Amino acid sequence: MTRPPDSPGVGRRLGVDVGGTKCLGVVADDTDSVIAEFRRPTPRGLGSTAAVLNAVEDIVREAIETVGPVDSVGVGVPGLVSRAGVLRAAPNLDGIADLDVAGMLSDRLARSVIVDNDATCALVAEWSIGSGHGIDDLVLVTLGTGIGGGLVLGGDVRRGANGFAGEFGHMMVDPDGLPCPCGRRGCWERYASGSALGLFADEGGFAGGPEVLAAARSGDTAAVEIVDRFSSWVAVGLAGLANAVDPEVIVIGGGLVRDANVFFPGVERHFMTALYSADRRSLPELRLATLGERAGAIGAAMLGAAHGR
Ligand SMILES: [Zn+2]
C-alpha cells in the first residue's frame, strides 16, 4: 500500500524489535531520531506464539496512543524471515516456526505491517546512521541471546537467495559441540552469545553473565579467564567471516555491547591470531555499534521508508 501523493504523512515511523528477552519499540522522526520508546518482556514457553504477537500489538497500540499516528509500522524478528514476512524458524523464540508475522499483525492492527529479520534491521540502521555509515563492505554481528548478522557488500545489503543471509550464529564451529535450540550441535552462538557467556559463568561458579563480567571488571582471576575464553570464541567467528567476505569494517552490536569494555580488548587480540595471514593484509576494523540496543528497532522503523510506505 503506497501512500497517496496528496497525503504528506506525519513524519513519524514505528519500529519494533522482537528480541530473545524483550520487545523494544521506538518511534523515529523523519531524521531517524528516536522520539519515544516502549518495551515489553518477550513471552516464553507454551503458547508463546500468540503471546509474542500480543506483545508486539500492545507496543504498537501504546505507541500510537502516546505519540499519535505513524506513517509505517516495521517489525524485526529473530530467525529465518522470508521476503513476505513469514518467520520460517526462530530457535530463540521457543522454536516458533512458519508463522506469518506480517500477515497476522497486519490483520490484527488493520494496517500494513512490514516484517524483516532483526539483525538485518540492525544492519540497515548501523549502516545508515550508525558506526557503519559510509562503508561499502560491512559485516554486522549482533551478540545477544543468540547471534545475528547481516552483510553489506559493494554498497548493497545482501540478502541471499531466500533472504536468509547473515545467520552467522548457526555457523558450526564444533560438530560434536554443545546442542543448539536450532536442533544441531556446535553452533557459534553456543560459544559466543550472551547465553554462552551465561553458561560459561555457571560452569565457573558465577551466578550468570552479568556477574562474571562484573567480577572480571574488578580483576577476579577466574572471571577474567572465563571472559577471555568467551572473547576467543567471538574472535573465531569474526575471523571466519573476515576470511569469507573480506569486509572493510565489522560492526559488533547487540545487548552485550554494553559490556564491551570488559570483553572487547580480548576479542581484538584473539582476532589477530585467528585471521588468515593477518600480517599480510589490511585488517578489517572491528567497531562497536553506536545505536546500542535500539539498532534493531530503529532499522525496523526504517523498513517503511525502504518499502515506499
Ligand atoms: Zn544453531
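Just so it is clear, the model here is predicted, and its values are computed rather than measured.

### Topic: the sheet that holds strand β6 (residues 87–90)
In space, the 3 strands of this open sheet follow the order β5-β6-β7, with antiparallel pairing throughout. Since the sheet does not close on itself, it has two edges, and those belong to β5 (80–81) and β7 (96–99), each with one partner. Bridge analysis of β6 against β7 gives 3 bridges, and the strand direction is antiparallel. Looking at β7, one finds that A90 is bridged to I96.

### Digging into the environment of V101
Within the element layout of this structure, V101 appears in helix α2 (residues 101–109). Residue class for V101 comes out buried when judged on the 26 C-beta atoms lying within 10 Å of it. It is 24 Å that separates the C-alpha atoms of V101 and D32, two residues lying 69 residues apart in sequence.

### Digging into the packing of helix α6 (residues 209–217) against helix α7 (residues 221–245)
Here α6 crosses α7 at 115°, and the two axes come no closer than 8 Å. Of the two elements, α6 crosses α7, and the hand of that crossing is left-handed. Judged by residue contacts, V212, L213, A215 and A216 of α6 engage A223, V224, I226 and V227 from α7.

### Remarks on the pairing of β6
Examined bridge by bridge, β5 and β6 share 2 bridges and lie antiparallel to one another. Of the residues in β6, the one forming a bridge with V81 is L87. Connecting β5 to the next strand, β6, in antiparallel fashion are 5 residues, including G85 with a positive phi near 85°. A loop of 5 residues connects β6 with β7, the two strands running antiparallel in sequence, and D94 in this loop sits at a positive phi of about 50°.

### Let's talk about the domain arrangement of the protein chain
Parsing the protein chain into structural domains produces domain 1 (12–118 + 294–306) and domain 2 (131–290). The C-alpha centroid of domain 2 is placed 25 Å from the C-alpha centroid of domain 1. In this assembly, 13 residues from domain 1 lie in contact with 13 residues from domain 2. In terms of residue class, the side of domain 1 that touches domain 2 is built from 5 nonpolar, 6 polar and 2 charged.

### What about helix α3 (residues 118–129)?
End to end, α3 covers 17 Å across 12 residues, agreeing with the expected 16 Å (1.5 Å per residue, within 8%). In terms of burial, α3 is largely enclosed, as 10 of its 12 residues are buried. Among the residues of α3, those classed as buried are D118, A119, T120, C121, A122, L123, V124, A125, E126 and W127.

### Considerations on the packing of helix α1 (residues 48–67) against α2
Relative orientation of the contacting elements α1 and α2 amounts to 45°, with a least axis distance of 11 Å. Classified by the angle their axes make, α1 and α2 are oblique. For α1 against α2, the interelement crossing comes out right-handed. For the pair α1 and α2, the contacting residues are L53, V56, E57 and V60 in the first and M104, L105, R108 and L109 in the second. Looking at side-chain class alone, the contact of α1 with α2 contains 6 nonpolar, no polar and 2 charged residues.

Basis of the calculations
Each residue is numbered by its place in its chain's sequence as written, counting from 1. With the structure being a predicted model, the display of local features is reserved for residues of pLDDT at least 70 and the display and counting of side-chain atom pairs for 80 or more, all residues being used for whole-chain, interface and lining totals. For two strands to be treated as a pair, DSSP must find at least two bridges joining them. Helix numbering and strand numbering both begin at the N terminus, where a helix is a DSSP run of H or I of at least 4 residues and a strand a DSSP run of E of at least 2. For every residue, the other C-beta atoms within 10 Å of its own C-beta are counted; 20 or more classify it as buried, 12 or fewer as exposed, and values in between as partly exposed. C-beta atoms are placed from the backbone. In this description, a line fitted to the C-alpha atoms serves as the axis of each element, helices being fitted only across the stretch in contact, and the angle between N-to-C directions of two axes falls anywhere from 0 to 180 degrees. By definition, any crossing whose near helix is turned counterclockwise from its far helix by less than a right angle is left-handed, and any crossing with a clockwise turn is right-handed. Here, residues touch in the contact sense if the C-beta positions derived from the backbone fall within 7 Å of one another. Each domain's extent was defined by an automatic or database domain assignment. Charged residues are taken to be Asp, Glu, Lys and Arg, nonpolar residues to be Ala, Val, Leu, Ile, Met, Phe, Trp, Tyr, Cys and Pro, and polar residues to be all remaining types, Gly included. A helix's residues, less one, multiplied by 1.5 Å, set its expected span. Small angles under 35 degrees read as roughly parallel and large ones over 145 as roughly antiparallel, with 65 to 115 read as roughly perpendicular and the rest as oblique.

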